[in-house]
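Spelled out, the chains give:
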Amino acid sequence: MPTIGIVAGEASGDLLGSHLIRALKAQRPDLKFVGIAGPKMQSEGAQSLFPMERLAVRGLFEVLRHLPGLLRLRKQLLRHFLDNPPDLFIGIDAPDFNFTLERKLKRKGIRTIHYVSPSIWAWRKGRLGKIKRAVSHMLALFPFEPALYEKVGIPVSYVGHPLADIIPLESQYQTSREQLRIRDGLAVIAMLPGSRQSEVEQLGDLYVKTAKKILQDQPNVQFLVPLITRETRDIFQQVIYANQAEHLPIKVMFGHAHLAMAAADAVIVAAGTATLEAALLKRPMVITYRMPRLSWIFLKRMNYLPYVGLPNILAGKFVVPELLQYEATPERIAETALKLISDRELVKEIEQQFTVLHQQLRQDTASKAAAAVLQYL
């Protein structure tokens, strides 16, 4: 039975991996997948040797704090793959973890595919040499990425983004509001502080204070906060209690992020994959982020793009506002969100630009990725 080693580091990678495994098995049902997998990949038959949560660490200094454990984990995983060589290895995102693993496996003659280009277009372009030593083939989600790899002779395929295949092209605004039983005339603001506990800890207090500010000017509003784990929901509930905000119209949801965003008149969202989801759902948004001060100083010095949100990066301009670190205050976020709710012409323009973006990214991603993988088996 041919074996594919596979490693995903967080929820978005788990989603990508599950679609890829399903597409591969449709053509090669004899394939076996072993490595680090989340619940979605495991439901498609992948065997996980270690919990995926051990890789889900963000921020330079947070990674340093967990570095000894991450290094031990990678060493154990490498030993497993050297003792039980797979026919092919696929690293899904998690570049700092996967590239080193891929380089060592490639050196031993195991072909390696990396799924999701790191943000070399935003910073750390010097990584291309390291990537070339690590990967046999790169699977790129965004249309401007292949040219960067072709320049240095790295085989690459543009496969589009799977979320663009999953999310309908048409707006789901009205049907989502009906599903959530939101009455006509009620403004809805979805707030997504992130999927990691550290992100919710950084942004939870900011978002609750922002809700208070918005209610001062717009009392006819409902806040929806979809969170995917019990831990992140507990953290956010504690922030609500700490701010004596139990009386606010804040509904903490267990998942259903797409539903919450689709029904929203504006989305307040942490920089990351959720910004792309909001764009594909055609919703106006305010992109926010905060991180520990030292991490911010370090990353700010290395970053040369004027924006960090995926919708703005893909458009090559500010389609939606970004309020980051010191600019991310309750007053400014509230003011910006209220403008999005009230300016119908601006919202219409944003929706049109997001529709174009959606069409560019809709490529039947899983099938294209599977085709690129199968040529190496």
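Fair warning: this is a prediction, and the values are worked out from it, not measured in the lab. (Residues numbered from 1 in each chain as written. Predicted model: local features only at pLDDT ≥ 70, side-chain atom pairs only at ≥ 80, totals over all residues. Heavy atoms only, no water.)

> An account of the overall build of the chain is requested, with residue identities and associated values reported.
Scanning the chain from terminus to terminus reveals 17 helices and 13 strands. When the backbone C-alpha atoms are referred to their principal axes, the chain occupies close to 65 × 40 × 40 Å. Taking all 377 residues of the chain together, 54% fall into the buried category. Counting contacts in the chain only where the partners sit at least 6 residues apart, residues at least 24 apart contribute 69% of the total. Carbon and sulfur atoms provide 51% of the accessible area of the chain, an area that totals close to 17000 Å². The chain carries 48 positive and 35 negative side-chain charges, and their two centres are separated by 8 Å. (Helix = DSSP H or I, 4+ residues; strand = E, 2+ residues; numbered from the N terminus. Buried < 20%, exposed > 50% of the residue type's maximum accessible area, 1.4 Å probe, protein only. Contact = heavy atoms within 4.5 Å. Areas by Shrake-Rupley, 256 points an atom, 1.4 Å probe, with all protein chains shown as cover. Lys, Arg positive; Asp, Glu negative; His and termini not counted. Charge placed at Lys NZ, Arg CZ, Asp CG, Glu CD.)

> Describe the packing of helix α9 (residues 197-217) against helix α15 (residues 330-342), listing the residues and the values that go with them.
Interhelical geometry of α9 versus α15 gives an angle of 55° and a closest axis separation of 8 Å. In terms of their interaxial angle, α9 and α15 are classed as oblique. Classified by chirality, the crossing of α15 by α9 is right-handed. Seen from α9, the contacting residues are Leu206, Lys209, Thr210, Lys213, Ile214 and Asp217; seen from α15, they are Pro330, Glu331, Ile333, Ala334, Ala337 and Leu338. By residue class, the composition of the contact of α9 with α15 is seven nonpolar, one polar and four charged. (Axes fitted to C-alpha atoms, helices over the stretch in contact; angles between N-to-C directions. Parallel < 35°, antiparallel > 145°, perpendicular 65-115°, else oblique. Left-handed = near helix turned anticlockwise from the far one by under 90°. Nonpolar A, V, L, I, M, F, W, Y, C, P; charged D, E, K, R; others polar.)

> Break down the nonpolar core for me, with residues and values.
Soluble globular proteins tend to bury their nonpolar side chains together. Formed by 119 residues in total, the largest nonpolar core has its most connected members in Ile90, Tyr115 and Phe236. Residues in contact with Tyr115, not counting those within four places in the same chain, are Leu16, Leu20, Ile90, Gly91, Ile92, Asp93, Leu139, Leu141, Val159, Thr365 and Ala369. (Core = buried A, V, L, I, M, F, W, Y, C linked by side-chain atoms within 4.5 Å.)

> Can you tell me about the environment of Lys317, naming the residues and giving the values?
With respect to the helices, strands and loops of the structure, Lys317 is situated in the loop between α14 (310-315) and β13 (322-324). For the pair Lys317 and His80, spaced 237 residues apart in sequence, the C-alpha to C-alpha distance is 45 Å. Residues in contact with Lys317, not counting those within four places in the same chain, are Tyr307, Asn312 and Gln353.

> I'd like a description of the sheet that holds strand β4 (residues 88-92), backed by residues and values.
On the basis of which strands lie adjacent, the open sheet formed by seven strands has the order β3-β2-β1-β4-β5-β6-β7 and parallel pairing. Looking at the sheet topology across the chains shown, the edges are occupied by β3 (47-48) and β7 (156-158). When strand β6 (residues 137-140) meets β7, the two strands line up parallel, connected through three bridges. Considered in β7, the bridge of Met138 is made with Val156. (Pairing = 2+ DSSP bridges.)

> Please provide a residue-by-residue account of the pattern of salt bridges, values included.
Within the structure shown, the criterion is met by 10 salt bridges. The salt bridge involving Asp30 is made with Arg28; its shortest N-O contact spans 3.0 Å. Asp30 sits in the partly exposed class, given a relative accessible area of 30%. In the salt-bridge network here, residues are joined through shared partners; they are Glu10, Arg196 and Glu199. (Salt bridge = Lys/Arg side-chain N within 4 Å of Asp/Glu carboxyl O.)

> Explain the sheet that holds strand β8 (residues 187-192) residue by residue, including any values.
With parallel pairing, six strands are arranged side by side in an open sheet as β10-β9-β8-β11-β12-β13. Each edge of the open sheet is held by one strand with a lone partner, namely β10 (250-254) and β13. Averaged over all pairs of adjacent strands, the angle between their axes in this sheet comes to 20°, without regard to strand direction. One ladder, built from four bridges, connects strand β11 (residues 266-270) with strand β12 (residues 285-289); its direction is parallel. Residue pairing for β12: Ile268 is matched across the bridge by Val286. Lying on the sheet, α15 is in contact with β8, β11, β12 and β13; it crosses β12 at an angle near 160°.

> Pulling in residues and values, what's your account of helix α17 (residues 365-374)?
Among the 10 residues that make up α17, seven are buried, leaving the element largely enclosed by the rest of the structure. All of the buried residues in α17 are Thr365, Ala366, Ala369, Ala370, Ala372, Val373 and Leu374.

> Lay out the confidence of the model for the chain in plain terms, naming residues and giving numbers.
Of the residues in the chain, 91% have a pLDDT of 70 or more, and the chain-wide mean is 90. Confidence, read as mean pLDDT per element, is least for helix α13 (residues 293-302) in the chain (63) and greatest for strand β5 (residues 112-115) (98). (pLDDT = per-residue confidence, 0-100.)

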